[in-house]
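# Chains, contacts and geometry: an overview
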Amino acid sequence: MESSMGEGLRSRSSGLKAIETKRKGGIEEYDMVTVEDEPLSPMARLFHDRRFDVHAVAFMASKTRISPHPVKEKLVHTLLKHPRFTSLMVVDEENLIDMKWVQTKIDLDQHIIIVEVDETQLESPDKFVEDYIYNLSKTSLDRSKPLWDLHIINVKTRQAESVVVFRVHHSLGDGTSLISLLLACTRQTADNLKLPTIPTKKRRPTPSGYSTKEGLWRLLGKIWLFMVMLVNTTMDVFMFIITIMFLKDTKTPISAPRDYESSKARRIVHRIISLDDLKFVKNAMNVTINDVALGLTQAGLSKYLNRRYAIGGKDKGATERNNNLPNGIRLRSCLCFNLRSSAGIEDLANMMENGSKGKRGWGNWFGYALLPFKIALRDNPLDYVKEAKATVDRKKRSFEALSTLIMAQLLIKFLGIKVATEVTCKGFSNSTICFTNLVGPQEEIGFCGYPITYFAPSAYGQPSALMINFQSYINKMIIVVSVDENAIPDPHQLLDDFEDSLNLIKNAVIEKGLV
């Protein structure tokens, strides 16, 4: 459907003239390129509805103070080579439904904001940066310019000498695409010619030369797995449909307010924990890093909610038998799965270096899946990880994300973008949280020549009152939470509960001799 829409729009537009090279202050702001107008994909148009005006943010902490001049110089030869970052979102005056990306001249001074502050007057530099990002989340990007900006905050915090906040409208691409592009603009500090190295899953070698009997059993196994996936998909899609229609999560202290549109500002805070601790649990229990991350998240949320339910009433305790949690809490995350064959970091770096359009593997092409969270206190901390593994393994045996993508495309085609947006908002507002886990570089990287001590992604504008992002970097795991303070007034306490839960799980592994 996207290709036919694209051809229709291109037939009405002849493409723009070449963009001239301009110099300002010795910096080449953009190179000569010729790019045709490109329509927004149906999924990208969802993000331009006022109810789903989502902005992705990534903040990078530098080991040194940052000067804007080198940043501008580097971005000209990296980020600005990608057409999305030099394009306006334009609505066709004759047909207001048609939206397209149109190349334009770009002034970097309008996109790079330097935050000047007298550090001697700051009571808490970390709180200043936190409040700055919070105030930023109250605003939307200016539609009269390409939809991104970069904020340089030269304030010394506990973990860095300065912080860079990179903000992008989600219509430019999904989270996987945006993080990949950001990393394609970085280089290893040990060798500034090398791109970051991202761990990848090793595929098991396909055995060959087995007997006819073995081959028959393998075939039967594949048929059985396919049937299981069809049954699971049917159940998952049914659950997704009734969730959109009426099945809401249990009302808990962390649920979003009913009128979430009036409180879109988000407090975004983070906590750095040891990736080696997660790997320690992973290896001891023969699970994945994602299983451990989900397990400690379920443990932390259970602990946090147990405390919140005790406020204003009798505290019944914090054990498996005696606690404050209501029975049968239904709490789910509406996950977005990238279904596009994403361009890798090397592909994006080559695209920007060669100045090509780079459309392959880029954009918003995702489906949804509802991930249930088990909210309950466990006397054995390892049960959190075991339950998480069971949940993840079950979700892997389903075509739910692909099915919901097809459903969304059919809705857009036959009922229009407004109906599709309404359905999307229902899916997120009737669930409770957003949850992601992203793999990062294995070695230290530098952004525009500045070494990065950590980086982390998040977002604001989503209906959910709580978004949780796990981002690995070298030997660190950064947990980032984006919260609506009306529902979660103490996000740092929530991070404490996540960190404490990991320690409980790790200590339980040692005590039970699983090492």
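Being a predicted model, the structure only gives us computed values, none of them experimental.

All right, on to the pattern of salt bridges then. Inspection of the entire model under this criterion finds 24 salt bridges. For D53, the salt bridge is made with R143, and the minimal N-O distance between the two is 3.3 Å. Residue D53 is found in the loop between α2 (42-46) and β4 (55-62), and its partner R143 is found in the loop between α4 (125-136) and β8 (148-153); the two are separated by 90 residues along the sequence. Residue class for D53 comes out buried when judged on its relative accessible area of 11%. One salt bridge in this structure joins R378 and E387, with 2.9 Å as the shortest N-O distance. Each of the salt bridges in this network shares a partner with another, and the network as a whole consists of K127, E130, D131, R267 and E485.

Further remarks concern the sheet that holds β4. The strand order across the open sheet built from seven strands is β7-β8-β9-β4-β16-β15-β10, with neighbouring strands paired in mixed fashion. Sheet topology places β7 (112-115) and β10 (186-188) at the edges, where each strand pairs with a single neighbour. Pairs of neighbouring strands in the sheet enclose a mean axial angle of 30°, with direction left out of account. Examined bridge by bridge, β7 and β8 share four bridges and lie parallel to one another. Looking at β8, one finds that I112 is bridged to L150. Where α4 meets the sheet, it contacts β7, β8, β9 (162-169) and β16 (450-460), and its direction lies at approximately 160° from that of β8. On top of the sheet, helix α5 (residues 175-184) reaches β4, β9, β10, β15 (445-447) and β16; it is set at about 55° to β10, its chief contact.

We now examine a positive patch on the surface. Taken together, the side chains of K248, K251, R258 and K426 present a region of like positive charge at the surface. Looking at the secondary structure, you find K426 in helix α12 (residues 417-429). Assessed through its relative accessible area of 30%, K426 is described here as partly exposed.

Of note, N286 is a non-glycine position whose phi angle comes to about 55°, a positive value. Mapped onto the fold, N286 is located in the loop between α7 (275-285) and α8 (289-310). One non-glycine residue with positive phi stands out, namely I474, at about 55°. By the element assignment, I474 lies in the loop between β17 (466-473) and β18 (476-483).

The full count for this structure, using the stated rule, is 10 aromatic pairs. Both rings, one in Y368 and one in F428, keep their centres 5.9 Å apart while their planes meet at 85°; by these two values the pair is edge-to-face. In this pair, Y368 is assigned in strand β13 (residues 366-373) and F428 in helix α12, connecting sequence segments 60 residues apart. An identical accessibility class is assigned to Y368 and F428; each is buried. Through successive ring pairs, a cluster of aromatic residues spans F85, W148 and F166. Across from the ring centre of Y134, 4.4 Å away, lies the NZ or CZ of R267, which sits over that ring.

Before going further, it helps to spend a moment on the UniProt feature "transmembrane region" (unreviewed entry) in the protein chain. Following the UniProt record, one finds the feature "transmembrane region" (unreviewed entry) at residues 223-247. Structurally, residues 223-247 is divided into 92% helix and 0% strand, and its ends, taken at the C-alpha atoms, are 33 Å apart.

Read across the open sheet, the three strands follow the order β3-β6-β5; overall the sheet is antiparallel. Every interior strand has two partners, whereas the edge strands, β3 (38-39) and β5 (87-91), have only one. Looking at chain direction, β3 and strand β6 (residues 99-103) are connected through two bridges and run antiparallel. Paired with E38 across the two strands is W101, which belongs to β6.

The two faces of a sheet get side chains in turn, since along a regular strand they alternate between them. Burial analysis of β17 places eight of its eight residues in the buried class, which makes it a mostly covered element. Here β17 shows a buried face lined by L466, I468, F470 and S472 and a second buried face lined by M467, N469, Q471 and Y473. Bridge count between strand β14 (residues 433-438) and β17: six bridges; the pairing is parallel. Bridged to I433 within β17 is L466. Hairpin connection between β17 and β18: a loop of two residues separates the two successive antiparallel strands, and I474 in this loop has a positive phi of roughly 55°.

The next thing to look at is α7. Within the span of α7, buried status applies to L275, D277, L278, V281 and M285. Each buried residue of α7 sits inside an arc of 160° when the element is viewed along its axis, so together they form one side. Taken together, the buried residues of α7 touch β11 (267-274), α8, α10 (382-396), β17, β18 and α13 (491-511). Its side-chain oxygen placed 3.2 Å from the backbone nitrogen of D276, S274 serves as the N-cap of α7. N286 occupies a position one or two residues after α7 and carries a positive phi of about 55°.

The rules we used
- Residues numbered from 1 in each chain as written.
- Predicted model: local features only at pLDDT ≥ 70, side-chain atom pairs only at ≥ 80, totals over all residues.
- Heavy atoms only, no water.
- Salt bridge = Lys/Arg side-chain N within 4 Å of Asp/Glu carboxyl O.
- Helix = DSSP H or I, 4+ residues; strand = E, 2+ residues; numbered from the N terminus.
- Buried < 20%, exposed > 50% of the residue type's maximum accessible area, 1.4 Å probe, protein only.
- Pairing = 2+ DSSP bridges.
- Axes fitted to C-alpha atoms, helices over the stretch in contact; angles between N-to-C directions.
- Contact = heavy atoms within 4.5 Å.
- Patch = residues over 30% accessible without salt bridge, like charges linked within 9 Å, V, L, I, M, F, W, Y side chains within 5 Å.
- Areas by Shrake-Rupley, 256 points an atom, 1.4 Å probe, with all protein chains shown as cover.
- Lys, Arg positive; Asp, Glu negative; His and termini not counted.
- Charge placed at Lys NZ, Arg CZ, Asp CG, Glu CD.
- Phe/Tyr/Trp six-rings, centres within 6.5 Å; stacked < 30°, edge-to-face > 60°.
- Lys NZ or Arg CZ within 6 Å of the ring centre and 35° of its normal.
- UniProt positions renumbered as here; feature names shortened; annotations may be inferred.
- Arc of directions from axis to C-beta.
- Polar contact = N/O pair within 3.5 Å; in protein donor to acceptor, adjacent residues only side chain to side chain.

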